[in-house]
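Structure assessment
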Amino acid sequence: MANTATPQPAPRLIDPDAVVAHVEKARRQSKAATVILTAIAGAICVLLAAILVYIISAGASKAFDPAFLTSPPQQFKEGGGIGPELFNSFYLLVLTLVISIPLSLGAAIFLVEYAPDNWVTRAVKTAIEVLSSLPSIVVGLFGFLLFVLQMSWGFSIISGALALTMFNIPILLRVIQQALEAVPTDQRDAGLALGMTRWETTVHILLPCAMPAIITGVILSAGRVFGEAAALIYTAGQSAPALDFTSFDLTNPACPWNIWRPAETLAVHIWKINSEGVVPDLTAVSDGTAAVLVICILAFNLIARFAGRRLSKKLTAE
Amino acid sequence: MEQTKVNAPDAPSAPVSSHTQVAAARAVSKEVAIRSNGTGVFYNTDQQALHDVSLTFHKGEVAALIGPSGCGKSTFLRCLNLMNLEIPHCRIVGSIDYHGVDIVNEKINLFDVRTSIGMVFQQPNPFRKSIYDNVALALTRHGMAANSTNLDDQVEEALRAAVLWDEVKDDLKKSAWALSGGQQQRLCIARTLALHPDVLLMDEPCSALDPIATRAIEDTARRIADTGICVIIVTHNMQQAARVSDTTSFFYLGEMVETGPTERIFTAPEDERLQAYISGQFG
């Protein structure tokens, strides 16, 4: 042992050149991936921006014209506006959200916090996922059969709002469900360990935590509802009676708040004038309506996001 | 399975007497805070995670539960405030005597029990709210504050009791999530203390903290016990058990193997499994 004369060179377990080559290769790959991903992201942004700019610039002359925004549409002459359609779109959106937010919030809380984990719950969750990808024309035809014909509500705002609710609830439900599931379990445990009930824990701890995600979900679903046409063609109808904002007689078809009157929305209006419109300026009207629709959704998003941030700041003190 | 019952020689009273000696030595109350009797836990009707644990805890003492991972010490702790009932298919057997009521078998108000048996978790888990609201929330929910001035006072008192007041008194409206890990853990202690519990359960409260924050939590636990609260602390860290606790109970494979005054447990362990654990042969 002690008499080894020639010191042996340490075995080269690692080849320094190979290590350098490996590191350089990894760096090259990382750089290439960054370039490719940036290019893809950039291309998507450019595409989206181009679409937005095109829609808005094509319709700009009409979209910023107060007369176009307030006057009723024309059947045969040029110079028609989109006043009633604009109002109808917002009215339907608000009604839909008023019905669908409480329902989906309650259902999501039940599914996440209360429902036992058994086959019924799993079947319901699967059903929701299937429903959330249901084509909207199917929802529209179902609404036509059930609300318009079976319930004899005719083409009306209430039929449209309920069809949109059916279309919206699965999406909203899934978003809220995911938002609640994303709240760490230890927040739940902390509430329960302080002697609070499951309901108190949900309302005072979990919901405030999940609020930013819930608000984002509501905004996204609201955008879809606002731009929805197929589900409304057969439920809310394609005619827009001239509205009289001084009327509060809820049986009068001219009363804007009357939920039993037919109500064409912006998206349906675009579809209608392009498919069966005979007005001479139909391209201009269509472009203008599209621009107004896009601007409304944009504005709605920005406002809701701002309000959401304020609310979440207030709830979480961050 | 090995059936050595070291704590059995003079049968059920054995753990009681050892704890009582320590309590007497520290000249604190001999009043029993909570006592478990043959407590066990089943998961899914057939998997028994905890066997027949009988331990008595007194007011004003710090009791450590030690043992390797998966030995059942946390499971036992979660029986004491019935948090195990939140786990589906989990069943507690035996009895737990708290103020003369068997909280396992009698019909009790779960929420009252958890109000007076507080719990601090392994990971600091402050609510995503302001520091003030973290403490005030449960107080408000339980209707324990007469008015807002009274609420302010109670929040301050709780933060002082958890030795956090001086660090946060100017930032009460800031988010609790912006605090350091150790501060967050003391905030969790504060919000529990705000409800005036007489038992405080701590489930490895320092395992996510650095040594300085750990020391602060240990000092806080000691102070809390000195105010007459029974502190039960689960730890996998033997030095920690030796530093803070008056009594120590060793758990192994779902059984409570040996219990006694901390000094005796570490200097003269009787059971060979405990000897092996203390000498670092497994962990």
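Rules and cut-offs
- Residues numbered from 1 in each chain as written.
- Chains lettered and ligands numbered in written order.
- Predicted model: local features only at pLDDT ≥ 70, side-chain atom pairs only at ≥ 80, totals over all residues.
- Heavy atoms only, no water.
- Phe/Tyr/Trp six-rings, centres within 6.5 Å; stacked < 30°, edge-to-face > 60°.
- Helix = DSSP H or I, 4+ residues; strand = E, 2+ residues; numbered from the N terminus.
- Buried < 20%, exposed > 50% of the residue type's maximum accessible area, 1.4 Å probe, protein only.
- Lys NZ or Arg CZ within 6 Å of the ring centre and 35° of its normal.
- pLDDT = per-residue confidence, 0-100.
- Contact = heavy atoms within 4.5 Å.
- Buried area = accessible area lost by both parts, 1.4 Å probe.
- Salt bridge = Lys/Arg side-chain N within 4 Å of Asp/Glu carboxyl O.
- Polar contact = N/O pair within 3.5 Å; in protein donor to acceptor, adjacent residues only side chain to side chain.
- Core = buried A, V, L, I, M, F, W, Y, C linked by side-chain atoms within 4.5 Å.
- Expected span 1.5 Å × (residues − 1).
- Bend = angle between axes of the 7 residues up to and from the residue.

Applying the stated criterion to the full structure yields 12 aromatic pairs over all chains. Both rings, one in W153 of chain A and one in W260 of chain A, keep their centres 5.9 Å apart while their planes meet at 70°; by these two values the pair is edge-to-face. With a gap of 107 residues between them, W153 of chain A in the loop between α5 (136–150) and α6 (157–181) and W260 of chain A in the loop between α9 (230–233) and α10 (266–276) connect regions that are remote in the sequence. Since its relative accessible area comes to 45%, W260 of chain A is described here as partly exposed. Members of the aromatic cluster, each reached through a chain of ring pairs, are F87, Y91 and W257 of chain A. The ring centre of Y132 of chain B lies 4.4 Å from the NZ or CZ of K173 of chain B, which sits over that ring.

On to the confidence of the model for chain B, then. Low-pLDDT stretches of the model should not have their predicted coordinates read in fine detail. Residues and elements named next belong to chain B. On average, residues of chain B score 86 in pLDDT, and 89% of them reach the 70 mark or higher. Predicted confidence in chain B is weakest over helix α1 (residues 13–25), with a mean pLDDT of 44, and strongest over strand β8 (residues 230–234), with 95. Low pLDDT, under 50, characterises residues 1–25; the predicted model gives this stretch 37 contacts beyond four residues in sequence or across chains. Our summary of model confidence lists the complex with pTM equal to 0.80 and ipTM equal to 0.84.

Another aspect to go through is the interface of chain B and chain A. Of the residues lining the interface, 29 residues belong to chain B; the matching set on chain A comes to 21 residues. Buried area between chain B and chain A, summed over both chains or domains, comes out near 2,100 Å², and the portion from carbon and sulfur atoms is 58%. It is F127, R128 and R141 of chain B in chain B that bury the most area against chain A; as a group they hold 31% of the surface buried on that side. At the junction of chain B with chain A, the criterion picks out 2 salt bridges. A salt bridge links R141 of chain B to E200 of chain A, with the nearest nitrogen and oxygen atoms 3.1 Å apart. Inspection of the region where chain B meets chain A yields 8 residue pairs in polar contact (both at pLDDT 80 or more).

The next subject is the side chain of N168 of chain A. Residues and elements named next belong to chain A. Assignment of secondary structure puts N168 in helix α6. Judged by relative accessible area, N168 falls into the buried class, the value being 0%. Look past the residues within four positions of N168 in its chain and what remains in contact with it is T96, L97, S100, S221 and V225.

Next up on the list: the nonpolar core. L159, I189, L200, M202 and V231 of chain B are the most contacted members of the largest nonpolar core, which totals 74 residues. Looking at this core, the element that brings in the most residues is helix α8 (residues 198–226) of chain A, giving 10 residues. Contact partners of M202 of chain B, with chain neighbours within four places excluded, come to L77, V120, I189, I217, A221, V231, I232, I233 and V234 of chain B.

Turning our attention to the pattern of salt bridges. This structure, assessed with the given rule, holds 21 salt bridges over all chains. Across the pair R198 of chain A and E113 of chain A runs a salt bridge, and its minimum N-O distance is 3.9 Å. Of this pair, R198 of chain A sits in helix α8 while E113 of chain A sits in helix α3 (residues 83–114), and the two are 85 residues apart along the sequence. The class of R198 of chain A is partly exposed, set by a relative accessible area of 24%. The partner of R122 of chain A in a salt bridge is D117 of chain A, with the nearest N and O atoms 3.3 Å apart. Residue R122 of chain A is classed as partly exposed on the basis of its relative accessible area of 46%. What makes D117 of chain A exposed here is its relative accessible area of 66%. A single salt-bridge network, built from bridges that share partners, covers E113, R188 and R198 of chain A together with E86 and R114 of chain B.

Quick look at α6 of chain A now. Residue and element names in this part refer to chain A. The first and last C-alpha atoms of α6 sit 35 Å apart over 25 residues, in line with the 36 Å expected at 1.5 Å per residue. Of all the bends in α6, the greatest reaches close to 35° and is centred on N168; the proline P170 follows between one and four positions later. The buried count for α6 comes to 18 of 25 residues, which makes it a mostly enclosed element.

The next point concerns the side chain of R186 of chain B. Residue and element names in this part refer to chain B. Note on placement: R186 falls in helix α7 (residues 181–193). Given the relative accessible area of 8%, R186 is considered buried. Among the polar contacts listed, one links the side chain of R186 to the side chain of E167, at a separation of 2.8 Å. With residues up to four places along the chain from it excluded, the contact list for R186 reads A162, V163, L164, E167, A216, I217 and T220.

Residues and elements named next belong to chain B. Unusually for a residue other than glycine, E204 sits at a positive phi of about 45°. By secondary structure assignment, the location of E204 is in the loop between β7 (199–203) and α8 (211–226). The phi dihedral of L253 is positive, around 50°, even though this residue is not glycine. Positionally, L253 belongs in the loop between β9 (247–252) and β10 (255–261).

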